Amino acid sequence: MSGFGRECAEIVRAARPGTYRIGMILGSGLGSLAEEVEDAVRIPYTKLSEFPVSTVTSHSSELVAGTMSGVPVVILSGRAHYYESGNAQIMRTPVETLKELGCEVLLATNAAGSLREEVAPGSPMLISDHINWSGLNPLIGEEDESRFLDMSAAYDADLRAAMKKVAEETGDPVAEGNYMWFSGPSFETPAEIRMAKLLGADAVGMSTVPEVIIARFLGMRVAAMSVITNYGAGLQAHALSHDETKTMAKVGMDRMKELVRAFVKEVGNDRND
Ligand code: HPA
């Protein structure tokens, strides 16, 4: 059940030849990171077969290939979510394309609600593990035994150590925690948030988990960062909204940009990864 990754990678290589090291997926309101890419080519998803054009207003839909901190990177600016189509494999071809372009590392980002008081809106949170609460899996339908994918070390320990190291060096230590995937698109109820907390979640969101499973399936090493845009339902006085997600994601991204650049430099120049 493979997608069109090879075909799409050829289109990217024709526009900008080379082998890439780190692939990134940008979540809601986080697109400004793509502006940091140097020597860039930008390819709209409409030119890449099976790339899903996101219907979410805070997502652009383009692939940006170039360099960051001197490291060849490919950024997927805009992701599609399960809730847009009911297809948990919607990001299969985009992730395959990163892999075909040579990316051994995926850095996934998202906007998320915090369940921890000390991890406030505007802060980044490094994802240490996830809870797949959706009951969905992008590997459903895979026919051989590779579908029984080991997820015991989904979020690479060395990449997490690298992120924590660069965060400390920038003087802004990063929080770390478990991300719980709800399908969305409605936000959670306060009762669901209380449940999520009891089950060990530190943040909740509507994305990332399918891409992480696909990337691990393809043999990529994965790191993921949430930008906290709000407290979970019932933990803050006001109602949740996508407007708040967009506004706070921008605030958080301004803080996270330096971190991502430093991470790319650290990981991209480590020839052992
Ligand atoms: N819940 C789910 N998804 C989100 C949230 C939230 O509180 N904030 C941003 N994305």
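Described in the following lines is the structure provided in the data block. This is a predicted model, so every value here is computed, not measured.

**Re the nonpolar core**
Buried together is how nonpolar side chains tend to be arranged in soluble globular proteins.
Logical step 1: Among the nonpolar cores identified, the biggest contains 43 residues, and L63, V74, L76, V95 and L106 are the most heavily contacted of them.
Logical step 2: The biggest single contributor to this core is helix α6 (residues 209–217), with six residues.
Logical step 3: Not counting chain neighbours up to four residues away, the residues in contact with L63 comprise V12, V41, R42, I43, Y45, L48, F51, V74, I75, L76 and T97.
Logical step 4: Within the second largest apolar cluster, 32 residues are counted, among which are V105, M163, V166 and A223.

**Regarding the site of the ligand**
Logical step 1: What surrounds the ligand is the set A111, A112, G113, F187, E188, V204, G205, M206, T229, N230, L240 and T245.
Logical step 2: One nitrogen or oxygen atom from the side chain of E188 is found 2.8 Å from a nitrogen atom belonging to the ligand.
Logical step 3: Within the side chain of N230, one N or O atom sits 2.7 Å away from a nitrogen atom of the ligand.
Logical step 4: Counting residues per element, the ones that place at least two in the shell around the ligand are β5 (105–114), β8 (203–205) and β9 (221–231).
Logical step 5: The element best represented in the shell around the ligand is β5, accounting for three residues.

**Brief notes about the side chain of S226**
Logical step 1: Inspection of the secondary structure assignment puts S226 in strand β9.
Logical step 2: A relative accessible area of 0% means that S226 is categorised as buried.
Logical step 3: Of note is the side chain of S226, whose polar atom sits 2.7 Å from the side chain of N110.
Logical step 4: Those residues in contact with S226, other than ones at most four positions away along the chain, are N110, A112, S123, P124, M125, I127, Y179 and M256.

**Observations concerning unusual backbone geometry**
Logical step 1: Cis peptide bonds are those with omega within 30 degrees of zero, and the linkage from G184 to P185 qualifies with 0°.
Logical step 2: By the element assignment, P185 lies in the loop between β7 (175–181) and α5 (190–198).
Logical step 3: For E50, which is not a glycine, the phi torsion comes out positive at approximately 65°.
Logical step 4: Summarising the element assignment, E50 is placed in the loop between β2 (38–44) and β3 (62–68).
Logical step 5: Even without glycine at this site, S69 takes up a positive phi of about 50°.

**Concerning the pattern of salt bridges**
Logical step 1: Per the counting criterion, the structure on display carries 18 salt bridges.
Logical step 2: A salt bridge links K257 to E36, with the nearest nitrogen and oxygen atoms 3.8 Å apart. Of this pair, K257 sits in helix α7 (residues 242–268) while E36 sits in the loop between β1 (22–26) and β2, placing them 221 residues apart in sequence.
Logical step 3: Here K257 falls in the buried class, since its relative accessible area comes to 13%.
Logical step 4: What makes E36 partly exposed here is its relative accessible area of 22%.

**Comments concerning a nonpolar patch on the surface**
Logical step 1: On the surface, W133, L198 and L199 cluster together to form a nonpolar patch covering roughly 360 Å² of accessible area.
Logical step 2: On the secondary structure map, W133 appears in the loop between β6 (124–132) and α4 (157–169).

**Some details on the packing of helix α1 (residues 5–15) against helix α3 (residues 92–100)**
Logical step 1: Running from N to C, α1 and α3 point in directions that differ by 60°, and their axes come no closer than 8 Å. Comparing the axis directions of α1 and α3 gives the class oblique. In the crossing of α1 with α3, the sense of the turn from one axis to the other is right-handed. Contacts between α1 and α3 involve G5, R6, C8, A9 and R13 from the first element and T93, E96, T97 and E100 from the second.
Logical step 2: In terms of residue class, the contact of α1 with α3 is made up of two nonpolar, three polar and four charged.

**Details of α1**
Owing to its 3.6 residues per turn, the α-helix aligns residues three or four sequence positions apart on the same side.
Logical step 1: Those residues of α1 that fall on the buried side of the exposure criterion are G5, C8, A9 and V12. Mapping the buried residues of α1 onto a view down its axis gives an arc of 100°, with all of them on the same face. Exposed and facing more than 90 degrees away from the buried side of α1 are R6, E10 and A14.

The rules behind these values
- Residues numbered from 1 in each chain as written.
- Predicted model: local features only at pLDDT ≥ 70, side-chain atom pairs only at ≥ 80, totals over all residues.
- Heavy atoms only, no water.
- Core = buried A, V, L, I, M, F, W, Y, C linked by side-chain atoms within 4.5 Å.
- Buried < 20%, exposed > 50% of the residue type's maximum accessible area, 1.4 Å probe, protein only.
- Helix = DSSP H or I, 4+ residues; strand = E, 2+ residues; numbered from the N terminus.
- Contact = heavy atoms within 4.5 Å.
- Near = heavy atom within 4 Å.
- Polar contact = N/O pair within 3.5 Å; in protein donor to acceptor, adjacent residues only side chain to side chain.
- Salt bridge = Lys/Arg side-chain N within 4 Å of Asp/Glu carboxyl O.
- Patch = residues over 30% accessible without salt bridge, like charges linked within 9 Å, V, L, I, M, F, W, Y side chains within 5 Å.
- Areas by Shrake-Rupley, 256 points an atom, 1.4 Å probe, with all protein chains shown as cover.
- Axes fitted to C-alpha atoms, helices over the stretch in contact; angles between N-to-C directions.
- Parallel < 35°, antiparallel > 145°, perpendicular 65-115°, else oblique.
- Left-handed = near helix turned anticlockwise from the far one by under 90°.
- Nonpolar A, V, L, I, M, F, W, Y, C, P; charged D, E, K, R; others polar.
- Arc of directions from axis to C-beta.

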